[in-house]
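# Structural features, examined
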Amino acid sequence: MLIRNLRRSFFSKLEFMTQLKADVKKFESSLYFEKILPRVFNQNDPQFSKNDDVETLTRSISNPIYDLLDRGGKRWRPALCFMIADLFNRNHKELYEVAALVELIHNATLVVDDIEDDSVVRRNDKCIHIKYGVDVAVNAGNYVYFAPLHYFLNSANYSDQKKMKILAICLNNMRVVHFGQAWDIYWHKQNSDIIPTEEQYLKMAQYKTGALSCMAAQLSCIVLDKNEKVGEALAKFAAQIGIAFQIQDDILNLNGGEKYKKTKGYLGEDIHEGKFSLIVIHSLKQKKGRLFDILKSRTEDQELINEAISIIKQTGSLEYAHKRSLEIIEEAWKEVENLEFDCPEAKARLKDFAKYLIERDS
């Protein structure tokens, strides 16, 4: 009840989010996604020869990716790009290409992640690998990891020096994403009794989820020609936002109600997968036996999943995780607090935006 009341009080202060959501909608309608990934591959594109079967490329690459992309999503990484533009009183359109790059790559990671987690539902519809086949989903997802890099390297909008910086940032963060995913997969799919520590979980979340928000901040600062000190501070803050966002996702997975259940298919998917979220790690410290057994069983029985959630609630682990996410944002803000920006109001909004992501209910 306390968390719910604090959330309600906080949201009443976020009038700026209405405008930000409108800005994101405007970006979505700008067709920048299609500049990077054609919705329909064209025979006249110089990369193809006369007899290439571009229709199959549309069906097996574009269609699956746009199927997921058109379902919507939180789009908080593009929103972060636009909030960074606001810090310097710059036009959001200057970062449309960066926002499209990061969001496309994010959606590609979701396609692959759903295969790795054997998920069924994503954004109120069947997962891409279920609708199109695992082979098509893997290939389409992997293609979109690289398509934005190809686009930027061939763009006339950036100097060669800037292109190399963009490439290095993208490659480094994608490397890190795969480290985070490797930890997450192995911890919940291996058969030993190893339980990761809280510190290990936070590092995993920083890599798996924080890397793409870090990428968004770094690329935004590169494109806007901001100095390295400012870029590093915003990138560190963005990475920590990613951790806090992941913690809130883990909370909603177990306690998100019907709204979250509709999006994911059912509550407690993490229990079924045996995942060691911060919540579970904390709860296991208090009461390991029965909860650990349920996690190891990979059960699809909703009654057993509900039992595990009940144990977690009894140990106060949901409240603990929420408290830690708030602490992470406060600690991370120290990287940004003493920096001066062209728009002080935008600086205050950036911190509120970070808090919004960990007070959301879906």
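Definitions and cut-offs
- Residues numbered from 1 in each chain as written.
- Predicted model: local features only at pLDDT ≥ 70, side-chain atom pairs only at ≥ 80, totals over all residues.
- Heavy atoms only, no water.
- Helix = DSSP H or I, 4+ residues; strand = E, 2+ residues; numbered from the N terminus.
- Buried < 20%, exposed > 50% of the residue type's maximum accessible area, 1.4 Å probe, protein only.
- Areas by Shrake-Rupley, 256 points an atom, 1.4 Å probe, with all protein chains shown as cover.
- Salt bridge = Lys/Arg side-chain N within 4 Å of Asp/Glu carboxyl O.
- pLDDT = per-residue confidence, 0-100.
- Contact = heavy atoms within 4.5 Å.
- Expected span 1.5 Å × (residues − 1).
- Arc of directions from axis to C-beta.
- Axes fitted to C-alpha atoms, helices over the stretch in contact; angles between N-to-C directions.
- Parallel < 35°, antiparallel > 145°, perpendicular 65-115°, else oblique.
- Left-handed = near helix turned anticlockwise from the far one by under 90°.
- Nonpolar A, V, L, I, M, F, W, Y, C, P; charged D, E, K, R; others polar.

### Quick notes on the overall build of the protein
Counting its secondary structure elements, the protein contains 19 helices and two strands. In terms of principal-axis extent, the alpha carbons of the protein reach across some 60 × 55 × 35 Å. Counting every position in the protein, which comprises 362 residues, the buried fraction comes to 56%. Per element, the accessible surface of the protein, about 16900 Å² overall, is 50% carbon and sulfur.

### What to know about the pattern of salt bridges
Tallied over the entire structure, the rule returns 27 salt bridges. Close ionic contact of glutamate 55 with arginine 59 constitutes a salt bridge, the shortest N to O distance being 2.5 Å. Of this pair, glutamate 55 and arginine 59 are both found in helix H4 (residues 54–69), four residues apart, which corresponds to roughly one turn of the helix. For arginine 59, a relative accessible area of 54% puts it in the exposed group. In this structure, the salt-bridge partner of aspartate 125 is lysine 131, at a minimum N-O distance of 3.2 Å. The exposure class of aspartate 125 is partly exposed, given its relative accessible area of 29%.

### What about the confidence of the model for the protein?
Residues at a pLDDT of 70 or more form 93% of the protein, whose mean pLDDT is 92. Per-residue pLDDT stays below 50 along residues 8–12; that stretch engages in seven contacts with residues further than four places along the chain or on separate chains.

### Notes on unusual backbone geometry
Despite not being glycine, leucine 31 shows a phi value in the positive range, around 70 degrees. Summarising the element assignment, leucine 31 is placed in the loop between helix H2 (16–28) and helix H3 (32–36). Of note in this structure, asparagine 124 is not a glycine but carries a positive phi near 70 degrees. Positionally, asparagine 124 belongs in the loop between strand E1 (121–122) and strand E2 (125–126).

### Describing helix H17 (residues 302–314)
Over its 13 residues, H17 extends 18 Å from the first C-alpha to the last, a length consistent with the 18 Å expected when each residue adds 1.5 Å. Along H17, the residues that are buried comprise Ile305, Ala308, Ile309, Ile311 and Ile312. All buried residues of H17 lie within an arc of 155 degrees about the axis, which places them on one face of the element. Residues of H17 that are exposed and angled more than 90 degrees away from the buried face: Glu303 and Gln314.

### Some points on the packing of helix H10 (residues 198–208) against helix H12 (residues 228–255)
Across the interface, H10 lies against H12 with an axial gap of 8 Å and an inter-helix angle of 110 degrees. Taken together, H10 and H12 sit at an angle that is classed as roughly perpendicular. When you trace H10 past H12, the crossing you get is right-handed. Contact with H10, carried on its side by Tyr201, Leu202, Ala205 and Gln206, involves Ala239, Gln240, Ile243, Gln246, Ile247 and Asp250 of H12 and no other residues of that element. Looking at the contact of H10 with H12, its residues break down into six nonpolar, three polar and one charged.

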